[in-house]
Structure formats: structure tokens, C-alpha cells
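Chain and residue survey
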Amino acid sequence: MSTDWQSVYGHPIVLAETFVESPRFTGACYCAANWIDVGWTKGLARRAGGGYVYHG
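The notes below deal with the structure included here. (Residues numbered from 1 in each chain as written. Predicted model: local features only at pLDDT ≥ 70, side-chain atom pairs only at ≥ 80, totals over all residues. Heavy atoms only, no water.)

Digging into the layout of surface pockets
- Quantified by volume, the largest pocket comes out at close to 860 Å³.
- Grouping the amino acids of the lining of the largest pocket by side-chain chemistry returns 14 nonpolar, 6 polar and 3 charged. (1 Å grid on protein atoms, 1.4 Å probe; cavity = no way out; pocket = protein on both sides within 12 Å on 5 of 7 lines; lining within 4 Å. Points joined across faces, edges and corners; volume = space filled by probe spheres on them. Nonpolar A, V, L, I, M, F, W, Y, C, P; charged D, E, K, R; others polar.)

Digging into helix 1 (residues 2-9)
- The element helix 1 is barely covered by neighbouring structure, given that only 0 of its 8 residues are classed as buried.
- Looking at the residues trailing helix 1, positive phi occurs at G10, about 85 degrees. (Buried < 20%, exposed > 50% of the residue type's maximum accessible area, 1.4 Å probe, protein only. Helix = DSSP H or I, 4+ residues; strand = E, 2+ residues; numbered from the N terminus.)

Some words on the pattern of salt bridges
- All chains considered together, the criterion is met by 1 salt bridge.
- Where R24 meets E21, a salt bridge forms, and the shortest distance between an N and an O atom there is 3.7 Å.
- By relative accessible area, which is 59% here, R24 ends up exposed.
- Residue class for E21 comes out partly exposed when judged on its relative accessible area of 42%. (Salt bridge = Lys/Arg side-chain N within 4 Å of Asp/Glu carboxyl O.)

Let's talk about the environment of G51
- If you trace the backbone, G51 turns up in the loop between strand 1 (44-46) and strand 2 (52-54).
- According to the relative accessible area criterion, G51 is partly exposed, its value standing at 38%.
- Excluding its chain neighbours within four sequence positions, the residues that come into contact with G51 are A45 and R46. (Contact = heavy atoms within 4.5 Å.)

Section: the packing of aromatic side chains
- One pass over the structure, following the stated rule, counts 2 aromatic pairs.
- Where W5 meets Y9, the ring centres are 4.3 Å apart and the plane angle is 40 degrees; that geometry is what we call tilted. Here the residue W5 and the residue Y9 both occupy positions in helix 1, the gap between them amounting to 4 residues, near one helical turn. (Phe/Tyr/Trp six-rings, centres within 6.5 Å; stacked < 30°, edge-to-face > 60°.)

Here you go:
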């Protein structure tokens, strides 16, 4: 993924964010792929006009 991204945008990927609906899934496929768990989201969404808003 990083190689393709770098060829298009000129810089590598250092972090990829994904979400797991934890009540339904364990995220086992990410563990199997050696992804590193960096924690829970803070529940913020970026606003078009700038800044962030809490969405739960």
C-alpha cells in the first residue's frame, strides 16, 4: 500500500486508520496482518469549515 501511495503522492504512508465495530467483531484479521493497535478514537469528525465536532 505504501509503495503505491508514494508513487502517486510522493510520500510514504506512516499510519493507516481503520475502525472495527467492536460489539460485533474482534479485529482478528488486523492482528493476523501484524497491524499495531494504537487505541480508541476520540469520536471527533472534521468539519468542512475547519475544526472538529464530537459525534460519539
